[in-house]
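Geometric and topological summary
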Amino acid sequence: MSVAFAKEESAEAASETILPARPISDRINLVTEAGLQMLKDDLARAQQALEAANLLEDVNERRRQSAVPMRDVRYFAERVRTAQLMPAPVSNEVVAFGHTVKFERDDGRTQSFRIVGEDEANPSRASISHGSPVALALIGKAVGDIVMLGQRELEILSIS
């Protein structure tokens, strides 16, 4: 067989299929029950995508198709391994991980966010990471407390 018809992997093509690891923060990996399940589901989806990519016969295409799922499997496996499941708060006296906090800003607007783990945080769905500036300002405070967030004041209206 002529070398012209053999598919050879070049070092350049191989290096293009190795993606850098997804960054993992230094914060403790606190999760709610829903957050842990989300991580497990994401891990399962990444494993399925990797298995599907590994079935491809073409070596170059297999490497390209497996790059993202391989990176995601490493990330989600580590996040599941380090997850610390937090029980639901037993008291609504003081803001803690897992609480939904309603507060009024000094411009009169009210907002409500649930404090959750980093991977499940989604401000557009009213959840923020326990390590976000807003959450850090609110944790440990009670209804009626006014907290400073930069130049802004937030008054806690309710904790649930």
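Relevant structure appears above.
These remarks concern the structure in this document. All figures in this text were calculated on a predicted structure; none of them were measured in a lab.

Parameters at a glance
Residues numbered from 1 in each chain as written. Predicted model: local features only at pLDDT ≥ 70, side-chain atom pairs only at ≥ 80, totals over all residues. Heavy atoms only, no water. Core = buried A, V, L, I, M, F, W, Y, C linked by side-chain atoms within 4.5 Å. Buried < 20%, exposed > 50% of the residue type's maximum accessible area, 1.4 Å probe, protein only. Helix = DSSP H or I, 4+ residues; strand = E, 2+ residues; numbered from the N terminus. Contact = heavy atoms within 4.5 Å. Pairing = 2+ DSSP bridges.

Core analysis: the biggest nonpolar cluster contains 15 residues, and V95, V101, F103, I115, L138 and I156 have the highest contact counts within it. When contributions to this core are tallied by element, the ones reaching two or more residues are β3 (100-105), β4 (110-116), α4 (133-138) and β7 (152-159). Contact partners of F103, with chain neighbours within four places excluded, come to R109, T110, Q111, F113, V134, L138, L154, E155, I156 and L157. Counting residues in each nonpolar core, the second largest holds 10 residues, with L39, A46, Y75 and F76 among its members.

Looking now at unusual backbone geometry. Positioned with a positive phi, A126 is a non-glycine residue whose angle comes to about 65°. Looking at where A126 falls in the secondary structure, it is placed in the loop between β4 and β5 (127-129). The exposure class assigned to A126 is partly exposed, which follows from its relative accessible area of 33%.

With four bridges joining them, strand β6 (residues 146-149) and β7 adopt antiparallel strand pairing. When the sheet's bridge partners are listed, I146 is paired in β7 with E155. Between β6 and β7, which pair antiparallel in sequence order, lie two residues; one of them, G150, sits at a positive phi of approximately 65°.

Purely spatial values, then, with no claim about function.
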